[in-house]
Each structure stands twice: as structure tokens, then as C-alpha cells.
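Survey of secondary and tertiary structure
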Amino acid sequence: MKPPPAYWSRQTQEFVDRQGKHWWLTMWGWSQTSLEQAQRHARTRLQELIARGGPTGAERNWYYPAAPLREPCLESLGDGPEPLAVITRNRYGATVLNTDAVLIADVDLPNAPKSGWFSRLFGRGTATAEDPADNIRERIATFAAARPTLGVHSYRTSAGFRVFITGTSAAPDSAEAEHLLRELGSDELYTKLCRSQHSYRARLSPKPWRIGLSAPTVTWPAPDSEAQRRLELWVESYRRGATGFSVTTREARFGPAPSLDEAKILRWHDEQTGADSNRPLA
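These lines cover the structure that appears in this document, whether it is placed above or below. Here the structure is a predicted model, which means the values were calculated and not measured.

When helices and strands are tallied, the chain shows 7 helices and 10 strands. Residues classed as buried in the chain amount to 41% of the 282 residues present. Put simply, the chain shows about 15600 Å² of open surface, and 51% of that area lies on carbon and sulfur atoms.

Below you can see the structure in the form of C-alpha cells.
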């Protein structure tokens, strides 16, 4: 996969629209080559926005395809300009696996029904209410049984399940990937993100609020050295707080073994998320 852009630049300019309203327009540009190229890209995007009438112009969909995510690349798996996978840090500070070599589905649990434990506590409902997690496990097993040539690797997460599909060449922006993700019940916003970023994603470290921390107040790239220092201090505190938690617990595996490259990604994921650690999920 192509790693995220290494260089980013922000350009801001005042703009007066046709109705005389004043705007401060900000646009980011990016580059894999240099900061100067990112600056030129930002200026070009800003002028394109102004030429189209600013934020109130008639052509509102010019932003698409969506911009790449503004995340620093922390580590790569594989050599060369297009590694197997990369780890980035997202806007709220968690590390994220990005890859186009293994399909990853994110399946959230539905909101807890009002019947069940709470209702039984007050004498309503029945003790035979279905467990939503078991329903998802059954869906994953049914999916695997219908596709015996694919490897299906499921994990429990704090909010649901994560499923790796090996043995498929479905690109993240392909119709096949969209079909597989939809059949597994993957979140629609996640599916759109995979399509626009040409990459599947899996969070590797806890969400900060699940371990008693707030999100960082500085976003990358930091505007100055003082902001960069604050961000580094936050990362240090976050790493210490995250050591007692895991992000996934290994659940089940179906179908044939993964390829060597797929196995590398799975091992990387399992080590980073603590899939076999028995630590509490966060």
C-alpha cells in the first residue's frame, strides 16, 4: 500500500463571497516528497476553492475524492515504497494499522435492548433474550462456512468484533470488498473510509477515554516546537496508561491458513493489540 503523505502544510486566506460575507478559508496540502510541494498543493487547493465561489459556491462536491487522513506514519511492515502495512497515529492519539493486503471488517454491537437484564430486574422481559454478541458470532461462522476458500479470523473488541479475511484480493475500494463488508455487518462509515483511503484500518491501541485520559489537545503536524513538546508528553502519558489494556481478544479462526505476507500482518496486529494477553479490553 502507499503510505500516508509525510509532509503537510496549511494555508489560510480571507475571502468575501458574492453576498459580501467574510470568511477565513483554511486548506491543507500534502506531499510524499517535500514540505515545499505540500505548501504549493495547499495554495492550489485554496485557490481552487476560491475560484468556485468559496464554501457557498455552487460546486460543493469538489472536495472528493476525500483527502488522505492527516496522520504520521510511525512504522512500516515491509520494504520499498509500498509496504505491506503501516502504523499511523490518528487524531485522538491511538495507533492504527493500515493495509490493503488483508480485508478487515469492523462489526459493532447494536445498542443494548431495553428488554433483558434491566427489564428482568424490574420484573419485565424474559431471561431468554438473545445475546447480540452471539448473533454476530453466528453471522461470522455462517459467512465462513459459505466461503471455504477464505480464511476468517475473528476477534472480540470493546464495542464488538473485528474480522480479518485472508485469501481474497478484494481491494478496499472494490465492489467485492463493499459486498463482503456489508455481509459481515461492518459499519457503513468504516466501509466508506476504506473506500476513500484505499486501505483497511484497525485500531491497535486503546481509545484514550477508555483508559481515563482525554484526547491530545495538539493535532499533527504540530504548529511549533512548544506544541510538538506537548504532543510528545501526551504520547508518553498515553503509552504508560495503555500498558494494562488490550484492544482485541482472539476468538475463532476458520478456513485455510493465510499466506506468508498475510500471516506477517496478523502477527503484527496480534502483538500490538494484545490479542492473547488476557488484559481487559479498551
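By volume, the largest pocket is sized at about 1200 Å³. Looking at the largest pocket, it is lined by 42 residues, and the ones nearest its centre are Asn90, Arg91, Tyr92, Leu193 and Arg201. Among the secondary structure elements, those contributing two or more residues to the lining of the largest pocket are β6 (103-108), α5 (188-197), β9 (200-203) and α6 (225-242). For the lining of the largest pocket, the leading source of residues is α5, giving 6 residues. Here the lining of the largest pocket is composed, by residue class, of 22 nonpolar, 7 polar and 13 charged.

Okay, the side chain of Ser205 next. Inspection of the secondary structure assignment puts Ser205 in the loop between β9 and α6. Under the relative-accessibility criterion, Ser205 is labelled buried at 10%. Look past the residues within four positions of Ser205 in its chain and what remains in contact with it is Ala94, Thr95, Tyr238 and Val247.

Another aspect to go through is the packing of aromatic side chains. Per the counting criterion, the structure on display carries 5 aromatic pairs. Aromatic pair Trp8 and Trp28: ring centres 6.3 Å apart, planes at 75°, arrangement edge-to-face. With Trp8 in strand β1 (residues 7-16) and Trp28 in strand β2 (residues 22-31), this residue pair connects regions lying 20 residues apart in the sequence. For the pair Trp8 and Trp28, one class covers both residues: buried. Judged by centre distance (5.4 Å) and plane angle (45°), the rings of Trp8 and Trp30 are tilted. Placement of Trp8 in strand β1 and of Trp30 in strand β2 is noted, with a sequence separation of 22 residues between them. Take Trp30: its relative accessible area is 21%, and that puts it in the partly exposed class. Counting every residue linked through ring pairs, the aromatic cluster contains Trp8, Trp28 and Trp30. When the ring centre of Trp23 is taken as reference, the NZ or CZ atom of Lys21 above it lies at 4.6 Å.

Reading the values: rules and limits
Residues numbered from 1 in each chain as written. Predicted model: local features only at pLDDT ≥ 70, side-chain atom pairs only at ≥ 80, totals over all residues. Heavy atoms only, no water. Helix = DSSP H or I, 4+ residues; strand = E, 2+ residues; numbered from the N terminus. Buried < 20%, exposed > 50% of the residue type's maximum accessible area, 1.4 Å probe, protein only. Areas by Shrake-Rupley, 256 points an atom, 1.4 Å probe, with all protein chains shown as cover. 1 Å grid on protein atoms, 1.4 Å probe; cavity = no way out; pocket = protein on both sides within 12 Å on 5 of 7 lines; lining within 4 Å. Points joined across faces, edges and corners; volume = space filled by probe spheres on them. Nonpolar A, V, L, I, M, F, W, Y, C, P; charged D, E, K, R; others polar. Contact = heavy atoms within 4.5 Å. Phe/Tyr/Trp six-rings, centres within 6.5 Å; stacked < 30°, edge-to-face > 60°. Lys NZ or Arg CZ within 6 Å of the ring centre and 35° of its normal.

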